[in-house]
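# Residue-level structural notes
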Amino acid sequence: MRQLTIEYIQNFIKIMFISIFILQLNYKLLNISKKTKIENLKIIMKLVLVDILSVIIQQLSASTTSIIFLNVFIALIFSREIDRNLGYALLITTISISVNYILYTISVLINFILSKLCNINNECIIFVCILLIYGILVKSIYRIKKLNKGISFLKRNEKNEYLGMIVLNISIIIFLLFTILKNMNTSMEALKSIFIYAIIFAIIMFITIQKSLQLYYKQKLQERETAEIKEELKSKDEEIEELEKENLELNKKNHSIAHKQKSLEYELNQLLLKNEIADESHIKSKIETLSKEIQNETASVELTKTNIPEIDNMLKYMQSECIKNKIDFELQVSGNVHHMINKHIAKEDLEILLADHIKNAIIAINHSKNINKNILVRLGLIDGFYSLYIYDSGIEFKIDTLINLGIKPSTTHEKDGGTGMGFMNTFDTLKKYKASLVIQEYGKPSKDNFTKMIKIIFDNRNEYKISSYREKDIQKADIEKRVSF
C-alpha cells in the first residue's frame, strides 16, 4: 500500500513538472509576456486538478490515454488564456508536449547512466535526479536565441497544412517514446534499444521539422511574389487610368479642332458657290492658324533625351515619320546610354538598329487595319541588361519570315521599301556584340494592346528566341522546312 502511494505521488509530481514546463514552452513559442503572480497561481491550481485526473486515468487506463487527456486539457487552459481557438492551442500544446517528453526521456537515459556509474539504487534519489536533469534541459531550451522572439510561423493564427504534418509526426513520436519509457528496465539490452529508438526518433523529428520549414518558406515566397504581382498590377492599373485621362483630354481637343475644320470647310464651300475670292487672305489666315494648332497637338510630346546627339536626332526623325503616318510614338530611356555606347555597342550601330526596327514597325502598322497605332521604344538599362525594346501594334510576322530571319533576306513589304536587309544587318550586329534577340508576339492586332515586341539584349549570350501565341504553328512550319530540305 505504501509503495502504491509513493508511486502515485511520484507520478503526480512528474506530471506536474511536465505540465508546467509544457505551458511555459507554449508561451515561449508564441513570445507571449509572462502573467502576474495571481494569474500564474490560478493557472497552477487548474493544472493541479488536471494532473490529478491525469494520474488517475494513467492508473486506470493506458499511458497514451493519459497523455491525450493531458494534451487536450492543457490546450483548453492555454486557449482560454491567450483567447485563441482550441485547434490552434492544441497545435502549440502538442509541439510543447513532444519537446518536453523527449527531454524527459533524455533525462531518464542520462540518469540511468549516472546511477550505474555511481551505483545509486535508491528510487527516491533516482526520481529527484531525473527531475533535476529534466529541469536543466528545459531551461537550456529556453536559452536558445531563436526562441527569444518566438517561432514566427507558429505566432500566426491561421490554417497551415504544413503544421498539420508536423503535429501528426510529433504525436507519433510522443506516444512511442513514452511507451518505451514506461516499459524500460535496467538491463544493458534495454539501454541499447532505447538509444537506437532515440536516434531514430531524433532523425525523424529533424527531417520532419526541416521539410516542414522548407515548405513553409516556399509558401512565404509564393505569398511575397503574389503580393509583388498585385502591386505591379495596381501600378499598371493606375498607369492605364492616367493614360485614359490623357486620351480623354486629347479627344476633347480633337473634337474642338474637328468643329473648326467643319466651319472652315463650310465657309470655303460658300465662297466657291458665290465664286468669291476677295476674302482669300482671311481664309488663308484661318487655315494657317488651324494647321499650327493641329501641328502643336501632334508634335506636343517632347522625347526624353539620351544626350547623344546622333541618337537623339535619329529618334526625332523617327518620331516625325510616325507623326506623318498618324502613329503615336513613345520613348522611355533608363540608365546611362553613354555607358551603353561606350561598353556594349557603337552609336553608329545603335542608330541603324533604331532606324531599321522603328521603320519596320511603321510599315507593320500601316499594313494593319487596327485603330490602335502605337510604337513604344525602350532604351537603356532594362531588367539588369542594357537593351533595346521596340513594341508595335501592327501586323504579326509571317511564319516564313520568322523561320528565315538571319538566314536570308525576307520581306513582305517590297512596295513600301522593305528589303529584308534590316534583320540581316541586325544579326550581324548581334554576332558582333554577342547580343541576344527575342521576338515576343502577344496576339493579333487589337485596340487594347501591342501586337509584338522585339528585344535586343546585350547579355553576351548571342541567342535568338521566339515567344509567340502561334508557337505550335511556327514549330510545325520549321519541321516541314527541315524535312523538305
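Okay, so let's go over this structure. (Residues numbered from 1 in each chain as written. Predicted model: local features only at pLDDT ≥ 70, side-chain atom pairs only at ≥ 80, totals over all residues. Heavy atoms only, no water.)

Over its 20 residues, helix α5 (residues 123–142) extends 29 Å from the first C-alpha to the last, a length consistent with the 28 Å expected when each residue adds 1.5 Å. Here α5 has its buried residues at F127, I130, L131, I133, Y134, G135, V138 and Y142. The residue sitting at the N-terminus of α5 and contributing the capping side-chain oxygen is N122; that oxygen lies 2.9 Å from the backbone nitrogen of C124. (Helix = DSSP H or I, 4+ residues; strand = E, 2+ residues; numbered from the N terminus. Expected span 1.5 Å × (residues − 1). Buried < 20%, exposed > 50% of the residue type's maximum accessible area, 1.4 Å probe, protein only. Polar contact = N/O pair within 3.5 Å; in protein donor to acceptor, adjacent residues only side chain to side chain.)

What follows deals with the pairing of strand β5 (residues 452–457). Extensive coverage of β5 is indicated by the burial of six of its six residues. Burial along β5 is two-sided: the residues K452, I454 and I456 and M453, K455 and I457 are all buried. Relative to β5, strand β3 (residues 385–392) runs antiparallel, the two sharing six bridges. Residue Y391 lies in a different strand from β5, and its bridge partner there is M453. (Pairing = 2+ DSSP bridges.)

On the surface, E231, D237, E238, E239, E241, E242, E244, E246 and E330 cluster together into a patch of negative charge. Looking at which element gives the most residues to the negative patch, the answer is helix α8 (residues 188–274), with eight residues. (Patch = residues over 30% accessible without salt bridge, like charges linked within 9 Å, V, L, I, M, F, W, Y side chains within 5 Å. Areas by Shrake-Rupley, 256 points an atom, 1.4 Å probe, with all protein chains shown as cover. Salt bridge = Lys/Arg side-chain N within 4 Å of Asp/Glu carboxyl O. Lys, Arg positive; Asp, Glu negative; His and termini not counted. Charge placed at Lys NZ, Arg CZ, Asp CG, Glu CD.)

Our next topic: the packing of helix α10 (residues 309–324) against helix α12 (residues 347–366). Two numbers describe how α10 lies on α12: the axes approach to 10 Å, and their chain directions differ by 10°. Looking at the two axes, α10 sits roughly parallel to α12. Here E310, I311, M314, L315, M318, E321 and C322 of α10 lie close against α12, whose contacting residues are K347, L350, E351, L354, A355, I358, K359 and I362. When the residues that make up the contact of α10 with α12 are grouped by side-chain class, the tally is ten nonpolar, no polar and five charged. (Axes fitted to C-alpha atoms, helices over the stretch in contact; angles between N-to-C directions. Parallel < 35°, antiparallel > 145°, perpendicular 65-115°, else oblique. Contact = heavy atoms within 4.5 Å. Nonpolar A, V, L, I, M, F, W, Y, C, P; charged D, E, K, R; others polar.)

Let us now look at the pattern of salt bridges. Considering all chains together, one arrives at seven salt bridges under this definition. With a closest N to O distance of 4.0 Å, K305 and E302 form a salt bridge. Accessibility expressed as a relative area gives 38% for K305, which makes it partly exposed. One salt bridge in this structure joins K324 and E321, with 3.3 Å as the shortest N-O distance. Within this pair, K324 and its partner E321 are both found in helix α10, separated by three residues, close to a single helical turn. Of the residues examined, K324 reaches a relative accessible area of 62% and is grouped as exposed.

On the basis of which strands lie adjacent, the open sheet formed by six strands has the order β1-β2-β3-β5-β4-β6 and mixed pairing. Each having just a single partner strand, β1 (328–334) and β6 (464–468) make up the two edges of the open sheet. Going from strand to strand, the sheet's axes swing by 10° on average, the running direction of each strand aside. Running at roughly 155° to β1, α10 makes contact with β1 and β2 (374–382) of the sheet. Most of the contacts of α12 go to β2, to which it runs at about 155°, and overall it touches β1, β2, β3 and β5.

Before going further, it helps to spend a moment on the packing of helix α4 (residues 86–118) against α5. Taken N-terminus to C-terminus, the directions of α4 and α5 make an angle of 130°; their axes are 8 Å apart at the nearest point. Considering their axes alone, α4 and α5 lie oblique with respect to each other. In the crossing of α4 with α5, the sense of the turn from one axis to the other is right-handed. Contacts between α4 and α5 involve N100, L103, Y104, I106, S107, V108, I110, N111 and L114 from the first element and I126, F127, C129, I130, L131, I133, Y134, L137, V138 and I141 from the second. Grouping the constituent residues of the contact of α4 with α5 by class yields 16 nonpolar, three polar and no charged. (Left-handed = near helix turned anticlockwise from the far one by under 90°.)

This part is about the nonpolar core. Within the largest apolar cluster, 42 residues are counted, with the highest numbers of intra-cluster contacts made by F329, L354, I358, I375 and V377. No other element matches α12, which puts eight residues into this core. Aside from chain neighbours lying at most four places away, what touches L354 is I311, M314, L315, K359, V377 and L388. Core analysis: the next-biggest nonpolar cluster, separate from the first, contains 39 residues, I43, V55, Y101 and L147 among them. (Core = buried A, V, L, I, M, F, W, Y, C linked by side-chain atoms within 4.5 Å.)

Positive phi is not limited to glycine here, since K326 has a value of about 55°. Note on placement: K326 falls in the loop between α10 and β1. Assessed through its relative accessible area of 70%, K326 is described here as exposed. Although it is not a glycine, K434 adopts a positive phi angle of roughly 55°. Note on placement: K434 falls in the loop between α14 (421–433) and β4 (436–441).

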